[in-house]
Amino acid sequence: MEKSTILTIPGAKKSVLLDLITREVLLVSNSDIQTYIRLHNKIDSIEEEFIKQVSSHKVITSWLFLTLMCDLECSYCFEKNCQRMRQSVMTKKTVDEICTYLISHNNKATRRYDFIYFGGEPLLNYSGLIYAVEKFNNDLRCSVTHKIITNGFSLNPEKASELINNGVRVFQITLDGNNETHNKRRFTTSRKGTYETILKNIIGLLRIPQDFTLIIRINVDKANEKSIRTLLNDEFEVFSDFRVYIDIGKVCTHTFTKEYPDNLSRPEFNEFYAEIIQDIHKLGLNSVPPYSGGCSRRNVAVKFFSPSGKKYNCPVRVENQHCQDNCDFSTLDHAFLPDYIPERCKSCEFLLLCGGGCNIRSNSSSEILCEKKYIEQELTNYYKAKYSKLLI
């Protein structure tokens, strides 16, 4: 039975139509919506389309955990709560082995390698980072992209320039509210605030006259939600650079070993998100759309490499003593197994966005929580805000 994968975000005279598979966005007159949906290519099976996409090797994505050490002691850090084994860094030998592995698993369909450098704090293994970037640039005979997720505390202009000159085109840095609020959440191991240093480094990065993207990540819970608007207004001049994108996300508490008192429920977060995304776009700022990727555990072309080079299929599982038994290493290099998809998800038009849910977040491998209504709400709120002037 054919099924449409179009999400309609209605306006007074025009509506936004979002293709949930391709993420293509169209602005259509309300009188033409049904005609477009009727003529739009429908698919016979959501499950088959999902398997096709997560089994594809067209783009190989590799996360390199260059170290699990960090120079910050964030109050909500999921890695701290995972009790990871921290005292290790990725060596040049391990980078060489990862490169050899990727080349050996390349096939004719591969068109691009995407690398994401993470930690811990990846800049604490800066020599390893530069070596990895140069190694992959030189040895992989495909298009290569590089992204770094950093706290920004040690990202001085010299390092930023060297990384950009070597091909790093996406930086992600976290600011969790205004100066006062951020410093209560993201401080150094000696309990010193980090806001001013990080902001200085962001400004230095943006002074580099080259093409790159800076994602400002804001992790939200009850302790900082009221300070986000202050942050947006205080740093409007910085955030209005066309290369800057604001990414609003909920603090992930599903790996915590004890209850997190500042946790926002999904309904609470969605209510906050609906308001803040409107504020972001009223200010004329860029933003990152929600649900840009589903569960990596079900995607054979996404791998997470620990500092020792061990392969994982989920970032939370990397050298995590609590999750070792839940990682099925036997499937890492093999075709996707459709049994991983919960039965009720196989015909859901949102399957390609959520990936069938997260068993860690659900605290169960047998019963995965469905977040369909929250995904639909977030997407609707995002596109309503982004195209608000056109939906009048």
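Given the structure is predicted, the values throughout are model-derived calculations rather than measurements.

Undergrad: I'd like a rundown of the nonpolar core, residues and numbers included.
TA: Side chains of nonpolar character tend, in soluble globular proteins, to be buried together. Of all hydrophobic cores here, the largest spans 74 residues; its most connected members are Leu-64, Tyr-117, Phe-136, Phe-171, Leu-214, Phe-239 and Ile-248. If we ignore the near neighbours within four places in the chain, the residues touching Ile-248 are Arg-217, Ile-218, Val-220, Ile-228, Phe-269, Phe-272, Tyr-273, Ile-276 and Ile-280. Counting residues in hydrophobic clusters, the runner-up holds 10 residues, among them Leu-68, Phe-118, Val-302 and Tyr-312.

Undergrad: Report on the sheet that holds strand β6 (residues 143–149), specifying residues and quantitative values.
TA: The sheet built from nine strands is open, its strands ordered β10-β9-β8-β7-β6-β5-β4-β11-β12 with mixed pairing. Pairing within the sheet leaves two strands with one partner each, and these edge strands are β10 (286–287) and β12 (311–312). Strand direction decides the pairing type here: strand β9 (residues 244–250) and β10, joined by two bridges, are parallel. Across the sheet, residue Ile-246 finds its bridge partner in β10, namely Ser-287. Relative to β6, helix α5 (residues 126–139) is tilted by about 165°, and along the sheet it contacts β4 (59–65), β5 (112–118), β6 and β7 (168–174).

Undergrad: Go over the packing of aromatic side chains with me, naming the residues and quoting the values.
TA: Centre-to-centre distance and the angle between the planes together describe a pair of aromatic rings. Applying the stated rule across the entire model yields 11 aromatic pairs. Arranged with centres 6.5 Å apart and planes meeting at 20°, the rings of Phe-115 and Tyr-117 form a pair that is stacked. Here the two residues Phe-115 and Tyr-117 agree in accessibility, since each one is buried. Here the aromatic rings of Phe-269 and Tyr-273 are separated by 5.9 Å at their centres, their planes lie at 35°, and the arrangement is tilted. Within this pair, Phe-269 and its partner Tyr-273 are both found in helix α11 (residues 266–282), separated by four residues, close to a single helical turn. An aromatic cluster of three or more residues is present, and its members are Trp-63, Phe-65, Phe-118 and Phe-304. Here the basic side chain of Lys-159 rests over the ring of Tyr-126, its NZ or CZ set 5.3 Å away from the ring centre.

Cut-offs and rules
- Residues numbered from 1 in each chain as written.
- Predicted model: local features only at pLDDT ≥ 70, side-chain atom pairs only at ≥ 80, totals over all residues.
- Heavy atoms only, no water.
- Core = buried A, V, L, I, M, F, W, Y, C linked by side-chain atoms within 4.5 Å.
- Buried < 20%, exposed > 50% of the residue type's maximum accessible area, 1.4 Å probe, protein only.
- Contact = heavy atoms within 4.5 Å.
- Pairing = 2+ DSSP bridges.
- Helix = DSSP H or I, 4+ residues; strand = E, 2+ residues; numbered from the N terminus.
- Axes fitted to C-alpha atoms, helices over the stretch in contact; angles between N-to-C directions.
- Phe/Tyr/Trp six-rings, centres within 6.5 Å; stacked < 30°, edge-to-face > 60°.
- Lys NZ or Arg CZ within 6 Å of the ring centre and 35° of its normal.

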